[in-house]
Amino acid sequence: MPSSHECRKLHSAWMFACILLITQCDGSLEIGPSAARAQHFERRTSQQEYWIQIGKPRTATTLQFETLCACLFLRHRRNRTALENLTCQYLFPPERGIHNDPPSSEHAVVKTHIWLRKWDGLSSPESMTIFGTRAKNTTSTTLPRGYSYAFVMDTAMVTKWGQHSIYAYQDLLGLTDDDMAMLNKFIEYWDILRLCCGAQMSESWRGILDPTQRRKHHPSHFHGSNNSSHRCHVYNISAVEVGFRETALYQQMAQFHQLLPMLRPSTIDGDLDGTYCERYNARVRTKHVQHMVP
């Protein structure tokens, strides 16, 4: 009888092999040259790691952003000095009138929906790693000359595999099976909260909570996570919130103040305290709180 550790290894190896095979056939996953990527993603403790997550709104950008932030944390989870210099930040486009500079920390994940000119000259293409998302049957956001994607995730893959799409990152980012077990449990809870709670919840669930908002949705590129398949009605959302706070990865990330915004359904939500989601959803029902896009 294999041990639980051996079962986890077999499961993650099987999951990654299935995802890689299917997505390479249907074109929903795009990975840069393997030899260059493997060398680029060797675990580092002193060199700068600057990861940029870029994609059009409603193409699973927040899922990729959350996953990458957790992955970068896991790569350094035994190095407190590195974790103290790790940030995950959303950069607003200039037209929003909100000024926020790119992080200067040694290890960073930055989310944006467009390439920002402020990055030109900030760092060489070699020191940046760019991750993208795209809707099914569309092209990725165009990058300036000299820059290229290390990895692009298609919404078709997210719809098909859900939270298990995270296994596509394991070999690419050099994560161990133990890392993936922690990440999988973390994303399992977070993904439910993301869909069923907070400022950027599923549009269809918001419409169920408040029927007056059913005609106010923005179009989505998803055929899975924004319709009835979210199953929000079956969850005890407070129990999910408590379960998320009890995961090992949440407990470790919560020790670093700069990472607390990543421990919410979205970075513009309030801190989770065990009943935040229940209170937020009640406000949608009674106060008609509307959808927000950062």
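The paragraphs below set out a description of the structure included in this document. (Residues numbered from 1 in each chain as written. Predicted model: local features only at pLDDT ≥ 70, side-chain atom pairs only at ≥ 80, totals over all residues. Heavy atoms only, no water.)

**Focus: the pattern of salt bridges**
A side chain with one charge can pair with a side chain of the opposite charge if their charged atoms come near. Put simply, the rule reads: Think of a salt bridge as a Lys or Arg side-chain nitrogen and an Asp or Glu carboxyl oxygen that are within 4 Å of each other. For the purposes of this entry, the term helix denotes a DSSP run of H or I that reaches at least four residues, the term strand denotes a run of E that reaches at least two, and both are numbered from the N terminus. For each residue, the accessible area found with a 1.4 Å probe, counting protein chains only, is set against the maximum for its type, and the residue is called buried under 20%, exposed over 50%, and partly exposed in between.
By the definition in use, this model includes eight salt bridges. A salt bridge links Arg-75 to Glu-49; the nearest nitrogen and oxygen atoms lie 2.6 Å apart. Remark: Glu-49 occurs in strand β2 (residues 49–54) and Arg-75 occurs in helix α3 (residues 61–75); sequence separation between them is 26 residues. For the residue pair Arg-75 and Glu-49, the accessibility class agrees, reading buried in each case.

**Examining the nonpolar core**
Soluble globular proteins tend to bury their nonpolar side chains together. This is how the line gets drawn: Residues belong to a common nonpolar core when they are buried Ala, Val, Leu, Ile, Met, Phe, Trp, Tyr or Cys residues joined through side-chain atoms within 4.5 Å. Contacts: residue pairs with any heavy atoms within 4.5 Å of one another.
Among the nonpolar cores identified, the biggest contains 60 residues, and Leu-173, Leu-183, Phe-186, Leu-249 and Met-253 are the most heavily contacted of them. Counting residues per element, this core draws most heavily on helix α7 (residues 177–196), which supplies 10 residues. If we ignore the near neighbours within four places in the chain, the residues touching Met-253 are Cys-69, Phe-73, Phe-186, Leu-259, Met-262 and Leu-263. In this structure, Tyr-50, Ile-54, Val-110 and Ile-130 belong to the second largest nonpolar core, which totals 13 residues.

**Describing the packing of α3 against α7**
Two measures define how a pair of helices packs: the angle their axes make with one another and the distance between the axes. Put simply, the test is: Lines fitted to the C-alpha atoms define the axes, with helices restricted to the stretch that makes contact. Angles between their N-to-C directions range from 0 to 180 degrees. In this scheme, roughly parallel covers angles under 35 degrees and roughly antiparallel covers those over 145, while 65 to 115 is roughly perpendicular and the rest are oblique. The handedness criterion is simple: a crossing whose near helix is rotated anticlockwise from the far helix by less than a right angle is left-handed, and one whose near helix is rotated clockwise is right-handed. Lys, Arg, Asp and Glu make up the charged group, whereas Ala, Val, Leu, Ile, Met, Phe, Trp, Tyr, Cys and Pro make up the nonpolar group; the residues left over, Gly among them, are polar.
It is at 11 Å that the axes of α3 and α7 come closest, and there the two elements cross at 150°. Between α3 and α7, the angle is such that the two are roughly antiparallel. In this structure, α3 crosses over α7, and the sense of that crossing is right-handed. Contacts between α3 and α7 involve Thr-62, Leu-63, Glu-66, Thr-67, Ala-70, Cys-71 and Leu-74 from the former and Asp-179, Met-182, Leu-183, Phe-186, Ile-187, Trp-190 and Arg-194 from the latter. Here the contact of α3 with α7 is built from residues that sort into nine nonpolar, two polar and three charged.

**Details of the pairing of strand β4 (residues 107–112)**
To keep things clear, this is the line we draw: If DSSP finds at least two bridges between two strands, the strands pair.
Along β4, six of the six residues are buried, which leaves the element largely enclosed by surrounding structure. Here β4 shows no split at all, with His-107, Val-109 and Lys-111 on one side and Ala-108, Val-110 and Thr-112 on the other all buried. In the sheet, β2 pairs with β4 via six bridges, with the strands oriented parallel. Opposite Ile-54, over in β4, you have Thr-112 as the bridge partner. Pairing between strand β3 (residues 86–90) and β4: five bridges, direction parallel. Residue pairing across strands places Leu-86 opposite His-107, the latter belonging to β4.

**Some details on the environment of Glu-246**
Here Glu-246 is to be found in the loop between α9 (237–245) and α10 (248–253). It is 9.2 Å that separates the C-alpha atoms of Glu-246 and Phe-186, two residues lying 60 residues apart in sequence.

**Remarks on the packing of aromatic side chains**
Short version of the rule: Any two of the Phe, Tyr and Trp rings considered here, Trp counted by its six-membered ring, make a pair once their centres fall within 6.5 Å; the pair's planes then place it as stacked at under 30 degrees, edge-to-face at over 60, or tilted in between.
The full count for this structure, using the stated rule, is seven aromatic pairs. Ring geometry for Phe-186 against Phe-244: centres 5.0 Å apart, planes inclined by 50°, an arrangement best described as tilted. Of this pair, Phe-186 sits in helix α7 while Phe-244 sits in helix α9, and the two are 58 residues apart along the sequence. Accessibility expressed as a relative area gives 0% for Phe-244, which makes it buried. Each ring, one from Phe-244 and one from Tyr-250, has its centre 5.2 Å from the other, and the planes form 75°; the classification is edge-to-face. This pair shows no difference in class: Phe-244 is buried, exactly as Tyr-250 is.

**A short note on the pairing of strand β5 (residues 128–134)**
Most of β5 is tucked away: seven of the seven residues are buried. Residue alternation in β5 divides its side chains into two sets, Met-128, Ile-130, Gly-132 and Arg-134 and Thr-129, Phe-131 and Thr-133, and both sets are buried. Note: β2 against β5, five bridges, orientation parallel. Each residue of the ladder has a partner; that of Ile-52, found in β5, is Ile-130.

**Remarks on the state of the cysteines**
The criterion, for reference: Here, two cysteine sulfur atoms that lie within 2.5 Å of each other are counted as a disulfide.
Considering all chains together, one arrives at three disulfides under this definition. Each bonded cysteine of the protein chain is numbered by sequence order, and under that numbering the disulfide pairs are 1-2, 3-5, 4-6. Note on Cys-71: no disulfide assigned, nearest cysteine sulfur contributed by Cys-69 at a separation of 9.3 Å. Relative accessible area serves as the criterion here: at 0%, Cys-71 is assigned to the buried category.

**Focus: the packing of α9 against helix α11 (residues 276–287)**
Contact geometry for α9 and α11: axes closest at 7 Å, N-to-C directions at 140°. Comparing their axes, α11 and α9 come out oblique. The residues of α11 that touch α9, namely those facing Ile-237, Ser-238 and Glu-241, are Tyr-276, Cys-277 and Glu-278. Partitioning the contact of α9 with α11 into residue classes produces three nonpolar, one polar and two charged.

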